[in-house]
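# Topology and contacts: notes
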Amino acid sequence: MRTSLAFADWMANVQSTMEDALASFLPSGEELPARLHQAMRYAVLDGGKRVRPLLVFAAGELFEAELATLARAAAAVEMIHAYSLVHDDMPCMDDDALRRGKPTVHVKYDEATALLVGDALQTQAFLVLSESPCADPARLLAMLRLLAQASGSTGMCGGQAVDLASVGLALSLAELEQMHRLKTGALLRASVLLGALSGKQLEQDESAALDTYSSAIGLAFQVVDDVLDATADSATLGKTAGKDAADNKPTYVSILGLEASMALAEKLRNDAHRALMPFGDKARRLREIADLIVQRKA
Ligand code: GRG
């Protein structure tokens with residue numbers, strides 16, 4: 001991927017590469033059990049901003065990673081993300097009928113199928129990553145461990161558990177931040193580190209700088225998500241708007257108010273940019289993704 005491209009073109013390139021990669025890494029819709037495979041493809045393909053793959057590719061470029069290695073890492077993390085959305089939308093969790101502008105999987109198919117789609121996408125993610133062309137087995141093992149930790153009870157699933165337990169409670173800002181570091185931040189951080197691990201050896205200070213960057217964009221992503229939930233409409237978001245307030249969920253907007261939440265997102269964008277300074281212009285894509293996360297409208 002050439003770094004001289006304008007960001008919009010670079011992003012469109014990664015998104016299109018990922019659509020093809022994901023389509024090829026998922027079982028075909030004709031392969032038995034066909035309905036399950038069709039539902040998995042419905043959940044993953046043709047939708048989503050692909051923020052996590054963008055992060056994998058941007059960090060990978062910084063460390064001169066091979067495209068084929070990046071595509072597998074990015075597909076794996078996007079499959080985990082897609083599974084989390086399918087399960088999150090189910091009646092036992094957030095109970096939503098609209099996702100990525102389409103009926104959610106349990107609405108389009110049925111609840112049992114949605115459960116299995118999530119289960120199968122999760123294992124498919126690790127299968128896809130385990131077949132990475134990455135030449136160093138220790139690196140590959142580190143990637144698999146990273147993705148497992150970011151997805152499980154001390155990462156995304158743990159954050160979801162805290163989220164479910166927080167409905168109707170008055171969380172402090174620190175408690176809200178901790179929940180989002182796990183629920184959304186862990187997978188975004190894993191995306192950055194998977195991209196970096198796909199390339200040349202990382203120095204300790206580089207790894208620390210990427211952690212600071214990931215932490216800032218992870219929180220910014222959630223702050224902006226809360227702002228959008230309170231201000232945008234369902235057609236723009238492609239999912240049901242205003243759900244946090246309706247569900248009595250603590251959010252940045254409910255704790256800080258709209259204006260202070262927007263100011264916090266700006267501050268986090270600056271923190272992310274500052275963390276990337278040691279990398280100079282080579283980190284341009286990661287900087288642009290921080291801008292995208294803060295400026296996004298959906
Ligand atoms: C069910 C195990 C399990 C976990 C669910 C991430 C998550 C945990 C639930 C999603 C609920 C949600 C709306 C969280 C807010 C932040 C977020 C992850 C939004 C969706 O991600 P985007 O905006 O979605 O990257 P697209 O569709 O663009 O991929």
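Below: a short report on this structure. Note that the structure is a prediction, hence the values are computed from the model and not measured.

Every one of the 21 residues lining the ligand counts as a neighbour, but K49, R52, H81, D88 and R100 are closest to it. Here an oxygen atom of the ligand and a side-chain polar atom of H81 are 2.8 Å apart. A distance of 2.8 Å separates an oxygen atom of the ligand from a polar side-chain atom of R100. The fraction of the free accessible surface of the ligand (700 Å²) that becomes covered by protein chains is 92%.

What follows concerns helix α6 (residues 111-130). For α6, which comprises 20 residues, the first-to-last C-alpha distance of 29 Å matches the rise-based estimate of 28 Å (1.5 Å per residue) to within 8%. Three or more residues of α6 are buried, namely T113, A114, V117, G118, A120, L121, Q124, A125, V128 and L129. Turning to α6, the residues buried within the fold contact α1 (7-25), α2 (34-44), α4 (67-88), α5 (105-108), α7 (137-151) and α9 (173-197). Near the N-terminus of α6, the side chain that reaches the backbone nitrogen of A112, with its oxygen 3.2 Å away, is that of D110.

A few words on the side chain of R296. Relative to the elements of secondary structure, R296 occurs in the segment after α15 (284-295). Overall, R296 belongs to the buried group, its relative accessible area being 8%. In this structure the side chain of R296 is engaged in a polar contact, spanning 3.3 Å, whose partner is the backbone oxygen of I293. Leave out the neighbours within four places in its chain, and R296 touches K49, F221, V224, D225 and L228.

So, about the packing of α1 against helix α3 (residues 51-62). Between α1 and α3, the least distance of the axes is 10 Å, while the angle of their chain directions is 115°. When the axes of α1 and α3 are compared, the pair comes out roughly perpendicular. Read as a crossing pair, α1 and α3 show a hand that is right-handed. In this structure, α1 contributes W10, M11, V14, Q15, T17 and M18 to the contact, and α3 contributes P53, L54, F57, A58 and E61.

Let's shift gears to the pattern of salt bridges. Inspection of every chain in the model, using the stated rule, returns 20 salt bridges. For D211, the salt bridge identified is with R189, shortest N-O distance 2.4 Å. You can see D211 sitting in helix α10 (residues 204-231) and its partner R189 sitting in helix α9, a full 22 residues away along the chain. On the basis of relative accessible area, D211 is assigned to the partly exposed category, the value being 26%. Note that R284 and E288 form a salt bridge whose closest N and O atoms lie 3.6 Å from each other. Taken together, the positions of R284 and E288, both in helix α15 and 4 residues apart, correspond to about one turn of that helix. One continuous salt-bridge network, built from bridges that share partners, spans E19, R50, E78 and R100.

Glancing now at the nonpolar core. Counting 95 residues, the largest nonpolar core has W10, L121, L210 and Y213 as its most contacted members. Here this core takes 12 residues from α4, the largest share from any one element. Not counting residues up to four positions away in its chain, the partners in contact with L210 are L62, F63, V192, L193, A196, L202, F279 and L286.

Conventions adopted
Residues numbered from 1 in each chain as written. Predicted model: local features only at pLDDT ≥ 70, side-chain atom pairs only at ≥ 80, totals over all residues. Heavy atoms only, no water. Near = heavy atom within 4 Å. Polar contact = N/O pair within 3.5 Å; in protein donor to acceptor, adjacent residues only side chain to side chain. Areas by Shrake-Rupley, 256 points an atom, 1.4 Å probe, with all protein chains shown as cover. Helix = DSSP H or I, 4+ residues; strand = E, 2+ residues; numbered from the N terminus. Expected span 1.5 Å × (residues − 1). Buried < 20%, exposed > 50% of the residue type's maximum accessible area, 1.4 Å probe, protein only. Contact = heavy atoms within 4.5 Å. Axes fitted to C-alpha atoms, helices over the stretch in contact; angles between N-to-C directions. Parallel < 35°, antiparallel > 145°, perpendicular 65-115°, else oblique. Left-handed = near helix turned anticlockwise from the far one by under 90°. Salt bridge = Lys/Arg side-chain N within 4 Å of Asp/Glu carboxyl O. Core = buried A, V, L, I, M, F, W, Y, C linked by side-chain atoms within 4.5 Å.

No statement about biological role is implied by the geometric values presented.
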